[in-house]
Amino acid sequence: MPSRRVIGIDAGGTKLLGGVVDGELAVHHRVHRFWRGADRRETLDIVAEAVEEVRAAAPGVEAVGFGLPSLVDRETGTSVWSNHLPIENVQFRDLMSERLGLPVYVDNDVNTAVMAEHRHGAARGADHVVMLALGTGIGGGLVFDGRPYRGARGFAGELGHLVVDHEGEECPGACPGRGCLEVLASGTAIGVAAERAAAATPTSTLGRRRAQGGEITGGLVTELAHDGDEQARGVLAEVGRRLGAGLTGIVNALNPEVVVIGGGAVAAGDLLLDCAREVVRERALPPCADAVRIVPARFGEESGMLGAAVLALEGGA
Ligand SMILES: [Zn+2]
C-alpha cells in the first residue's frame, strides 16, 4: 500500500520552505520561495502557488499543514498576530482550504517544528521538550507529557519574547517589549553583534569585509568561525552565552528533558551551543540543569516543514 502523502509548508519570516512528505517523513519534492517585502496579498499568493507547484509534482496528497510565524488561534485557524509576515488577522485556514480545495491545518511554525523533532528527531522518546528556532527572530515550541502545549488559545511558546534584559534594546517588529531573547540571540543578532565587532576592528577579516561594503550576516560569521577566525568565534561565543541566559530561565521554569535548538543559526553547531550549555550548567538550579540535554535539531532548517506535515498527517494533532 502506498504511504500517505501530505504537503508541509513552513512559511518563515524570510522564506517559505515546503514539500510533499510521507508518513515516514521522507520528502518527495521541495519548493522554496523568498518573500522580499511582499505585502499581504502577494504573500498569500506566493503561499498558494508554492502549494500548487508541489501538488502538481506529486499528485494524490491528502491535506496541507502550515507552520506560520504567527500567533494562531486554534479554534478558527486565524493568524491573529505576526511579527515577521504581513498576515495579521488573516483567516488563514479557511482562506487556504477554499483556495486549494484540500483539508488545511495551521499552527505556529515552531509548534510544528517541535512536533517533528519530538515524533521523529532529536527529542524522540522524551516527554518534556522545549524547542527554540534561531532565525530572523526566535520562535519557541513546547511539548509537555508527550503532547504539544499551546496555552489557552494557541499562543503559548513565544520564547523569543522572554525578557532577558528589562532595560535592553527595543524588540524589532510588532513586539512592544525590550531586551527580549530574540533581540540578543537570534540569527539576526549574530549579524548585528558581528557588525559591531567589525566596526571596532577594521583590520580583522570581518572589518575588511565591512570596509568593502559586504553584508555581515549570521551565515558569514558561522562560515568564518568554522574556518577558525577568532573574532567570528568570539561573536558566536557571546551570542551563545546570551542564549544560555535565556535557556537558564526556561530550564528553571519548565524542567524539560531536552531543549532542541533549530533554525538557520544552528549551523554554528557547538561553537554556539557549548557556550549556551556552559551558562546553563553554571547558573540554572542544579537539579534542573542536570536533567536537561541541549541538542541541535535533527532536521535542521526542515523541522518546521516536516512538523507542518506531521500536523496534517495527524489531523491537527
Ligand atoms: Zn519581543
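Our subject is the structure listed above.
Thresholds applied
Residues numbered from 1 in each chain as written. Predicted model: local features only at pLDDT ≥ 70, side-chain atom pairs only at ≥ 80, totals over all residues. Heavy atoms only, no water. Pairing = 2+ DSSP bridges. Helix = DSSP H or I, 4+ residues; strand = E, 2+ residues; numbered from the N terminus. Axes fitted to C-alpha atoms, helices over the stretch in contact; angles between N-to-C directions. Expected span 1.5 Å × (residues − 1). Buried < 20%, exposed > 50% of the residue type's maximum accessible area, 1.4 Å probe, protein only. Contact = heavy atoms within 4.5 Å. Polar contact = N/O pair within 3.5 Å; in protein donor to acceptor, adjacent residues only side chain to side chain. Core = buried A, V, L, I, M, F, W, Y, C linked by side-chain atoms within 4.5 Å. Donors = N, O, S within 2.8 Å, 3.2 Å for Na, K, Ca; no water. Tetrahedral: all angles 85-135°; square planar, octahedral: opposite > 155°, others 65-115°.

Asker: An account of the sheet that holds strand β4 (residues 64–68) is requested, with residue identities and associated values reported.
Answerer: If you trace the five strands from one edge of the open sheet to the other, you get β3-β2-β1-β4-β7, paired in mixed fashion. Sheet topology places β3 (27–34) and β7 (104–108) at the edges, where each strand pairs with a single neighbour. Geometrically, the sheet is characterised by an average inter-axis angle of 15° between neighbouring strands, direction not taken into account. By the bridge criterion, seven bridges tie strand β1 (residues 5–11) to strand β2 (residues 15–22) in an arrangement that is antiparallel. Bridge pairing links Ile-7 to Val-20 in β2.

Asker: Tell me what's going on with helix α1 (residues 40–57), and back it up with residues and numbers.
Answerer: Structurally, the α-helix is built with 3.6 residues per turn, so residues lying three or four positions apart point the same way. If you check α1, its first and last C-alpha atoms are 26 Å apart, about what 18 residues at 1.5 Å a residue would give, namely 26 Å. Within α1, the full set of buried residues consists of Thr-43, Leu-44, Asp-45, Ile-46, Val-47, Ala-48, Ala-50, Val-51 and Val-54. Buried-residue contacts for α1 involve β1, β2, β3, β4 and α2 (92–100). By the N-cap criterion, in which a side-chain oxygen at the helix start approaches the backbone nitrogen of a residue two or three places on, α1 is capped by Asp-39, the distance to Arg-41 being 3.2 Å.

Asker: Before we move on, can you summarise the nonpolar core with the specific residues and values?
Answerer: Grouped together as the largest cluster of nonpolar side chains are 41 residues, with contacts concentrated most on Leu-132, Val-221, Leu-243, Leu-247 and Ile-261. Residues in contact with Leu-247, not counting those within four places in the same chain, are Leu-132, Val-259, Ile-261, Ala-276, Val-280 and Ile-294. By size, the runner-up hydrophobic cluster in this structure holds 30 residues, among which are Ile-7, Ala-11, Val-54 and Val-61.

Asker: Tell me what's going on with the coordination of the zinc ion, and back it up with residues and numbers.
Answerer: Six octahedrally arranged donors around a metal ideally form angles of 90 or 180 degrees; four tetrahedrally arranged donors ideally form angles of 109.5 degrees. Protein coordination of the zinc ion is provided by His-161 (ND1), Cys-171 (SG), Cys-175 (SG) and Cys-180 (SG), with donor distances spanning 2.1 to 2.4 Å. Each of the four donor atoms around the zinc ion contributes to a set of angles spanning 100 to 121°, which defines the coordination as tetrahedral. Classification of Cys-175 by relative accessible area gives buried; the value is 12%.

Remember that the coordinates give geometry; whether it matters functionally is a separate question.
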